[in-house]
Each structure stands twice: as structure tokens, then as C-alpha cells.
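Structural features, examined
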Amino acid sequence: MANVSFEHVRKDFGTATVVQDFDLQVSDGELVVLVGGSGCGKSTILRMLAGLESVTSGTVRIGEREVTHLPPRERDVAMVFQDYALYPHLTGRQNISLGLRLRKVPKAEIDRRELWAADILELDPFLDRKPKHMSGGQRQRIAMGRAMVREPAVFLFDEPLSNLDAHLRGQMRHEIARMQRRVGTTALYVTHDQMEAMTLGDRLVVLDGGRIQQVGRPIDVYGAPANKFVAGFIGTPSMNFLDGRLERERDGLVFVCDTLRIPLLGERRPDPTVHSGEAVTLGIRPEDLALAGAAGMGTIPGNLFLAEVLGATTHLYVEVGGRRLIAAVPSGPAPPPGGVVSLSIDHSRLHFFAPDGSSLLHDGHA
Amino acid sequence: MRRAAFYVVLAVAAATFLYPFLWMAATTFKSPAEVGALSLLPDQPTLDNYRLMWARAPFGRALLNSMLVATSVTLSVLVFGSAAAYSLARLRFPGRGILNAVTVAVLLVPAQLTLIPMYTLIVQLGWVDSYAALIVPFAFNATAILILRQFFLQVPRSLIDSARLDGMGELRILFTVFWPLSKAPLAMVGIITFMGAWNEVLWPLLVVRDEQLMTLPQLLTVFSLGGGAGPRQLATKLAAAMVLVVPVVVAYTFLQRYFIESMASTGIKG
Amino acid sequence: MHAEARSGLFLTAPYAVFLLLFSLFPIGFSVVLVVLKWDLVTAPSFAGLDNVQHLMADARFWQALVNTLVFLAVHLPLQIIVALTLAWALDRPLLLRAFWRAAFFLPVVISGAVVTILWSALYATDVGLINGLLARLDLGPVPWLTDPAIAMPAIAIMATWKNVGFYVVIYLAGLQSVPRSCHEAIELEGATAWQSFLHVTLPLLKPQTLLVVTLSTINGFQLFIEPYVLTGGGPLRRTLSVVLYMYRNAFSYQKMGYAATLGLALALIIAAVLVVQRRVIGSAEES
């Protein structure tokens, strides 16, 4: 058990910088998810912590120990890989115990840990098969078992679920969360899937271009994204963005985008330093748009051109003044495609971004 | 009917390749009077040809020499060659690019170019009439390294990562993770290397003069150049050739699929 | 990573030393030897371009080159035709298919020394198997290895017999990669099997043919054990090969400089011939 810290960590590959100025403190027992698109540096960070990739500059610590230049085997970390990385010529049991045997752990202790992992992960039915005779989910469990029995200071997960089908992915997600909580080991989890990121982590680290964009509890990141990248990256479907400017009118601020005028009625409004006439981007999550019964004050008129019924929710694609907005509404009788609809906005949940992308909220969320 | 005729033609074609070997085997058991005959069954089977061959030249010793040389070369190419191939494929170190480029370039150089300089080198090293002269110049093989490197490149990186986290060093990763995964290319390299070393004639003819150190094909060549061309001598030479052929044919019978695929896919002939 | 770089250097160091000593040094030294006169016993002396001048005027060297061309003139067409025919015969559902393939391939795995000795028996004028067969057909004994006009073609036939199984496997793989739809398409055009072979199969086998020509050519220039054992280069030096001549210069006459000059010349000639062949076969493709 240990906390993990990165201080000013930087990684260059040749002339390309893939991670820069990375600072992160992970407390003992915490599960932190690193999320971002491909090439954002998330896997590189994990591999630097494991010792599989050298650190160009900065410091990495596990517990009180600086590990920046230690080889992998001296770091006391275990990793679960995207392709499981099981040794194809060994059975599940041999795969699980190999690391312990190499470390000369006594036989009785290996057996004890094997039983323990088999019990938590329900491995028994396929423990003596070779990987090629296991299903994807079974391989994944063996890979997790192999990490568990090491009883490492830190667990590392490198997109462990991305090779599984959707159904299994949901199941294994719970499995990983349950295992990590039960074992109580500090864990770092890398994914590009924001669903995993939202549901698994105690905290999220959103990365882009090798830099941290935001760190926080999933709900806080979702509710108050620090910038336009985070706002667009977290949440499905993505947040709607409208580029426009603010104007001050008699009864308050109005967001103006071409012919569209949205009066800002709720308590969420941009930072008071933003002056009338300045360019801002308004962000509205799809679920904060709803079908209004009739056109009226504060509603947005538009043309519905597609309705995707997903089940409980329906995604409405609405054209508003040449822009497409997506609204996520409860399924129910909806107007036919091609018809005119009015959308109402939850004014208490608007987001504002400066032209450089940074959040302009001033109500303390940001 | 057409089908039957096709098989007859095919059988004649196959006989063209097989019959000479059968005839050779049969002839070694024939008395001089029968050597010229086409039949495969000797009227009076005799082991005289083998006795004569065995008495005239140290073929037992040559068999041991050939086994020692071919085995050493093969083991070296597999063990040291795969270590080099593993590094060239999967480790980052200064000079890797140059080493990879030289490995490819060396393959393009015809053997005739380096034969004489190599010979002078062996003479200068004082290795004439030594096993070193037969083994060391073949201890590595650029073709083998490229075949293994190509295969090693396809092993997922996560397996290496995982093995490193499990606490393995690079040699251990090579032998306990990569080798079990690479049985096919290792067998392929093993077969072509062994066959190459087993059948090589020109090089031993240059660097070995001591009969006690000669390999089988070399001793066979030297032996058959001496002696006359009469029926008795012919049968004796063929008996000597049998010592070289029988182990190969036995191995080939059981492993012919691997022999054919290995040789055909690497473009190297025996 | 420091550890990784250290491991990499450690694991490749023996190979790097090997390359330097047994590949790069001999390549470099081959050029140096050209200007040396050296018997390996006394100290080498500088010989300027003596070796090159000698080579230019050396009738034996030119004879050896002509002999190689004679060999190739028989060997290449024979090799291609026989290999293609046998591969074509095997490219169908067959009883014992693995057996036929293995039978054709057997001489490939047998040492050249053995094949040569075996064929010395087959070619023997009085007791040889081939003349024995011919006698049954009332055909007179052919002096295979003693007639200057026949000896080299006889060696070419033997080399074809030894190697053809290898090329059968190569052509067979090529044939099996020709899509069935190609044959079906031309059959629908009303082509006969022969036309289909000529217009579809053969052009599609160009890469295999190039490989066969390349490897057989290299093989032809490497001819050594065959003339060494069968004929000693005779009769009338009509089977003397460049490698055999090179071997004698090094081993029997102790002329290292001249032997290396022969090696260098041979390497350059091989390279030139391969380039020309590649051009010819490549341009045939475009036309």
C-alpha cells in the first residue's frame, strides 16, 4: 500500500514531447483514472510509473521511495494490459504464479495467494487451461489475478477492457471496481472510454496533448469542466457549443449568436470581468435541453431532422440557425422529423468558455 | 483411364528422383560383378564395400566431426543469434540502426567475394586444422538473425512489459517467453543451419588438411578423388556416401514437411 | 532506459565483433588482396595492378566464364520447364500429394558431395546406370563426362536434378496463390487450358520465375564440387568453373592475391548478370 506522486514529470521521444509538467498526487488506496484521446500521453505516464519507459525529467515516487530510475522489477507494481499479456505457453495457474516463483516466494504462500485470487475473481473453472482455450473475459480475469497475487504497492491498468465486447466490458468494470475496493491497493487506470472513467475512478485526470486538463471527482469534472476540451470530451453525446458574444440588456445579460438570443436567467453566468460584446462560447449539455410545449420566452426554435430512440432516452438532432444541437430527452411521443420544435434550456446548468477554451464560470465551480 | 495414365507419369517422375538413391543403397551391398546392373536386389549381398570403406579412411571419426561441427554451429546460431535478434528487434540501444543495416547489407555480398579473405584470416589466426575454423566463422548467420528478428517483432510489447514487471531480465525474457512462442522459426533456422553445416564441402577443403579433423562430406570428396573408377571402387565410394546420406534421409522422412517449408521459405538450398 | 541500452549492447556485442571480424573485414580485405602478391608463407608484397592485368589476359578465367554460360544455357531453361511442369502436376487434388512433393525435394537436402559421387556412378561410361538404361534401348554408350562437348551439359542436367525440387515448391506456392476466379474468367472467354496457362498462370508466376532465375544463376556461378569431383575441370578445361579455379589458385598455387581478384571479379559479374536479368524479366512484364 502506498501513495504515488509525480512531480514535474516530462517525457520526450526524440524531439517530440509527449508528456510535460505532469504533477499528480495519488493517495493510498485511491483509484485514479487517466482519461484522454489517443496520443494524449496517458499510457506513457502509466509506463513511466511502471519503469517500462524512462523519465526525461522530474520525479516519480511510490510511497516514500523515489523510483524515477529504478528498473520495473524493483518498483513493486503490477500491471493489467489491454491484450492481457498472458504467456501463451503457460496455463492460467502458471501465469498467475510465475512472477511469485521468480521472486522466490515460498510455495505455501504462492498457494495461499492463488486461492485468494481464485476466490475473489472466480477463476477455478479455467485455472488449468492455456490462454488460447479461454474466452476474452476469462483471460482478463487471469491477468487481474496475476496482478493481485503479487500484492503490489500499486496496480496499473492499461485500457484493460478495450478488447472485450460491450456487455462483458460493463461486467468487468464492476469486477475491477469491486476487486480494487476489496484489496484496497492504490490503482491507476488508463482508458479512452469516458464511461469507464466516470464510473470507476475516485478521481479523474483528463489529459490532452501531454498536459493535465483537469483533475477532480468524476461528478465535479462533469458538472464544472475546467475548459472546453474537458467539457467536450466528458459526456455522451458531447456538449453542444455555440460561439457568440454577450450583450447587456435592460433586464440582464443575453447570449447572442447570429439571430439566436438566449437571455441568461439562472444563477450560472460568466465571470463578471467579461464585458458586454466579448466573444464567448456557450456550452449546453444535451440533457439540459428539453422539448418545450410551445415557443416562448427563452426557448430556442429549430428544425428536428433526426430522432434516435435509444430506449429510455431519445437523441433529437435539431438544426438551429444553421447549427446542429443535440438534445437528450426522455423517450415519448416526439414530433416527426422535419417538423419545427422548441427547445427549452436548463439555465442553471449552462457553461461559458473564453476564446482560449478556459471556463468562464464564476460561481465557484470552476 | 486418363487419371491412371497421369499417375503413371507422376510415378515415373518420382522414380527419376528416388530410384538413383535406391540403386545407390543397393549397389553398396553388391559384389563388383553386379555393380553395373540395374536391379535393386543383389544376388549375393555383401558388406565388403563397407568394410573396405571403413578400413581405408576414418569415416567414424568424420561422422563425429560432422556431428560436432553441425551441432555447435546450430546451437550457436540459435542461442547467440536469437539473443542478437531479440536485441535488434526489441531493445533500444545505441548502434542498433547500424547493426540492423549491416545485417541486411551483408546478405547481399556474394560468398565468393569473402571466401579467400576469410581463408587468409583463418591462416593468420593459426586456425588451420582446428574445429574453430569449421565452427566460429558460422557462429552467427545474418539470414537466421533476420528471420528471428522478423518473428520477434510480432510478439506483443505487453508480453515483454509484463515479464519485466514479473522481474525477468532480458535473457530470461528471451528464453522463457520468446523461445516457447517461436518454436516454428527456431525449428526453421535450426534445420537450415544444421543442413548447411552438415553438407558444406568447399570451406573444410580449404581450412582442414588433417584427415582426423575432416567432416564427412570433405572426407567423402577426398576419398572419392583417390581410388580408381572401377566397379569395386565405385561401390566403396557409394558405401561411404551412405554414411552421410542415411542420417539425413531418416530425419527427412520424419520431418519432410519442416525441411521443405524451412528451405523453401528462406531461399537457402542444401 | 539505461538498463535496456546496457542489455542491448551486451547481447549484441558478440554479434558485432563477429560481423567486424568475419564479414566486414573480409569484404574490405578482398579489395586489398587484389593489389597484393602473397603466398601466406612469406610476407605479402605490393603487386600494383598485376593481378588485374593477369586476369584480363588469363585464358583459363575466360574459359571458366564461358563454361559457366554454357552451364546456365542448359540449366536455366531446363530448370524452369521441369519445375513448372512438376509443380503444375502437383497443383490439384492428388493421392499421396505430400509423398510426390517429398520425392522431388529429396535431392535438395542431400549433400552436393554425395549427389556428385552418385552421379559419377550414374554417368560412368561402362558400369553407369544411365548407359545401362540406354543399352536396353539399344543406344550406344554416351561418354558423358569425357566428351568435351557433353561434359558441361551433363553437369547442368545433374544440377537440375539436384535442385529442381526446391523450385517445384516455389512454383507450387505461386500456383496456389493464383485466384480461381482468374482461371474462371478466362475460361468464360472460351480459352483452352493451354491458353489459360499461357495468358494467366505464366504471367502471374513472374515473381517465382525471377526467383528461380536469380537463385539458379547464383548457383551456376558457384559451381565447385561438381567439376571438382566429376571431371577435375576437364576434359580440355571445358568444365573448369571460376570457383574451382579460384580454389586452386588459393589452395594449390598459393596465389592469394590472384584468387581474391578472381573472387572480386566473380562477385561483380554475378551482380551485373542479376541486374540484367531483372531488367529483362521486368521489361517483359511491361510489354
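Residue positions within a chain follow its written sequence, with the count starting from 1. The lettering of chains begins at A and the numbering of ligands begins at 1, in the order of writing. Under the rules for a predicted model, residues below a pLDDT of 70 receive no local features and side-chain atom pairs below 80 are neither given nor counted, while totals for whole chains, interfaces and linings still include all residues.

Attention now moves to the overall build of chain A. Where helices and strands are cited, they refer to DSSP runs of H or I of at least four residues and of E of at least two residues respectively, numbered from the N terminus. Of regular secondary structure, chain A possesses eight helices and 20 strands. Taken along the three principal axes of its C-alpha coordinates, chain A extends 80 × 45 × 35 Å. Three exposure classes are used. Buried residues have 20 or more other C-beta atoms within 10 Å of their own C-beta, exposed residues have 12 or fewer, and partly exposed residues fall in between, all C-beta atoms being placed from the backbone. Out of the 366 residues in chain A, the part that is buried amounts to 40%. Here, residues touch in the contact sense if the C-beta positions derived from the backbone fall within 7 Å of one another. Once local pairs closer than 6 in sequence are excluded, the contacts in chain A between residues at least 24 apart make up 66%.

Now for the overall build of chain C. The helix and strand tally for chain C stands at 13 helices and two strands. Relative to its 287 residues, chain C shows a buried fraction of 44%. Restricting the contact set of chain C to residue pairs at least 6 apart, pairs at least 24 apart contribute 68%.

Our focus in this paragraph is the environment of B:Met188. Residues and elements named next belong to chain B. Note on placement: methionine 188 falls in helix 10 (residues 183-199). With 22 C-beta atoms packed within 10 Å, methionine 188 lands in the buried category. For the pair methionine 188 and glutamate 261, spaced 73 residues apart in sequence, the C-alpha separation works out to 7.9 Å.

What follows covers the interface of chain B and chain A. Taken together, the 13 residues of chain B in the interface contact 18 residues of chain A. If you list the elements that add at least two residues to the side of chain B that touches chain A, you get helix 8 (157-165) and helix 9 (170-181) of chain B. Per-element accounting of the side of chain B that touches chain A gives the leading share, six residues, to helix 8 of chain B. Under the scheme applied here, ten amino acids are nonpolar (Ala, Val, Leu, Ile, Met, Phe, Trp, Tyr, Cys and Pro), four are charged (Asp, Glu, Lys and Arg), and all others, including Gly, are polar. Looking at the side of chain B that touches chain A residue by residue, the class counts come to seven nonpolar, three polar and three charged.

Across the boundary between the two partners, chain B contributes 71 residues, which contact 71 residues of chain C. Contributions of two or more residues to the side of chain B that touches chain C are made by helix 1 (2-27), helix 3 (59-90), helix 4 (96-107), helix 5 (111-125), helix 10, helix 11 (202-207), helix 12 (216-225) and helix 13 (231-266) of chain B. For the side of chain B that touches chain C, the element with the highest residue contribution is helix 13 of chain B, accounting for 14 residues. Residue composition of the side of chain B that touches chain C, by class: 55 nonpolar, eleven polar and five charged.

We now examine the sheet that holds strand 15 (residues 289-291) of chain A. Residues and elements named next belong to chain A. One requirement defines pairing of two strands: DSSP has to find at least two bridges between them. Across the sheet, which stays open at both edges, the five strands sit in the order 15-19-16-17-18 with antiparallel pairing between neighbours. At either margin of the open sheet sits one strand with a lone partner, and together these are strand 15 and strand 18 (323-330). Averaged over all pairs of adjacent strands, the angle between strand axes in this sheet comes to 45°, irrespective of strand direction. For every element, the axis is a line fit to its C-alpha atoms; helices are fit only across the contacting stretch, and the angle between N-to-C directions ranges from 0 to 180 degrees.

Our focus in this paragraph is the sheet that holds strand 2 (residues 16-26) of chain A. Residues and elements named next belong to chain A. Strands sit in the order 2-1-4-5 across an open sheet of four strands; the sheet is antiparallel. Every interior strand has two partners, whereas the edge strands, strand 2 and strand 5 (65-66), have only one. For strand 1 (residues 4-13) and strand 2, the ladder comprises seven bridges, and the chain directions are antiparallel. Across the sheet, phenylalanine 13 pairs through a bridge with alanine 16, a residue of strand 2.

The subject of this paragraph is the pairing of strand 3 (residues 31-35) of chain A. Successive side chains on a regular strand alternate, one facing one side of the sheet and the next facing the other. Residue and element names in this part refer to chain A. Here strand 3 lies mainly inside the structure; five of its five residues are buried. What you see with strand 3 is no split at all: Leu31, Val33 and Val35 on one side and Val32 and Leu34 on the other are buried throughout. Here five bridges tie strand 3 to strand 8 (residues 186-191), and the two strands are oriented parallel to one another. Directly across from leucine 31, in strand 8, lies its bridge partner alanine 187. For strand 3 and strand 9 (residues 203-208), the ladder comprises four bridges, and the chain directions are parallel. The residue of strand 9 that forms the bridge with valine 35 is valine 206.

For the rest of this paragraph, the subject is helix 7 (residues 148-176) of chain C. Residues and elements named next belong to chain C. How far a helix is expected to stretch is found by multiplying one less than its residue total by 1.5 Å. Along its 29 residues, helix 7 runs 42 Å from first to last C-alpha, staying within 8% of the 42 Å computed at 1.5 Å per residue. Note on bend: the value at a residue is the angle between axes fitted to the seven residues ending there and to the seven starting there. Considering bend angle alone, the principal kink of helix 7 is centred on asparagine 163 and spans about 45°. In terms of burial, helix 7 is a largely internal element, 21 of the 29 residues being buried.

So, about unusual backbone geometry. Going from A:Thr236 to A:Pro237, the amide bond is cis rather than trans, its omega being -10°. You can see A:Pro237 is positioned in the loop between helix 8 (228-233) and strand 11 (240-249). Cis geometry is adopted by the peptide bond preceding C:Pro235, which originates at C:Gly234 and carries an omega value of -15°. Backbone geometry at A:Tyr84 places phi at a positive 70°, although glycine is not the residue there. Positionally, A:Tyr84 belongs in the loop between strand 6 (77-80) and helix 2 (92-102). Exposure remark for A:Tyr84: the 24 C-beta atoms within 10 Å place this residue in the buried category.

So, on to the confidence of the model for chain C. Each residue carries a pLDDT value, the predictor's own confidence for that position, ranging from 0 to 100. In this model, chain C carries an average pLDDT of 90, and 98% of its residues clear a pLDDT of 70 or more. Within chain C, helix 3 (residues 59-90) of chain C carries the highest mean pLDDT (95), whereas helix 8 (residues 180-188) of chain C carries the lowest (76).

With 98% of its residues at a pLDDT of 70 or more, chain A has an overall mean of 89. Taken element by element, chain A is modelled with least confidence in strand 13 (residues 260-263) of chain A, mean pLDDT 82, and with most confidence in strand 3 of chain A, mean pLDDT 96.

What follows concerns the packing of helix 3 of chain B against helix 7 (residues 142-152) of chain B. Residues and elements named next belong to chain B. Packing of helix 3 against helix 7 leaves a shortest axis separation of 8 Å and a crossing angle of 50°. Between helix 3 and helix 7, the interaxial angle falls into the category oblique. Considering the relative orientation of helix 3 and helix 7, their crossing is right-handed. Seen from helix 3, the contacting residues are Val77, Gly81, Ser82, Ala84, Ala85, Tyr86, Leu88, Ala89 and Arg90; seen from helix 7, they are Ala144, Ile145, Leu148, Arg149 and Phe152. Tallied by class, the residues present in the contact of helix 3 with helix 7 amount to ten nonpolar, two polar and two charged. Any angle from 65 to 115 degrees is called roughly perpendicular, while one under 35 is roughly parallel, one over 145 is roughly antiparallel, and all others are oblique. Left-handed describes a crossing whose near helix is turned anticlockwise from the far helix through less than a right angle; right-handed describes the clockwise counterpart.

All names here are of chain A. Strand direction decides the pairing type here: strand 1 and strand 4 (residues 57-62), joined by five bridges, are antiparallel. Looking at the pairing, arginine 10 lines up with serine 57 of strand 4. Here strand 4 runs beside strand 5; their pairing, made up of two bridges, is antiparallel. Within strand 5, the residue paired with arginine 61 across the bridge is glutamate 66. Between strand 4 and strand 5, which pair antiparallel and follow one another directly, the connecting turn spans two residues, one of which, glycine 63, has a positive phi of 65°.

Between the first and last C-alpha of helix 4 (residues 97-109) of chain C there are 19 Å, a value that for 13 residues agrees with the 18 Å anticipated at 1.5 Å per step. Looking only at helix 4 of chain C, the buried set comprises C:Trp100, C:Arg101, C:Ala102, C:Ala103, C:Phe104, C:Phe105, C:Leu106, C:Pro107, C:Val108 and C:Val109.

All names here are of chain B. Relative to the helices and strands, isoleucine 145 is located in helix 7. Sequence separation between isoleucine 145 and valine 104 is 41 residues; the distance between their C-alpha atoms is 9.8 Å. In this view, isoleucine 145 contacts Gly81, Ala84, Ala85, Leu88, Thr103 and Phe140; residues no more than four positions away in its chain are not counted.

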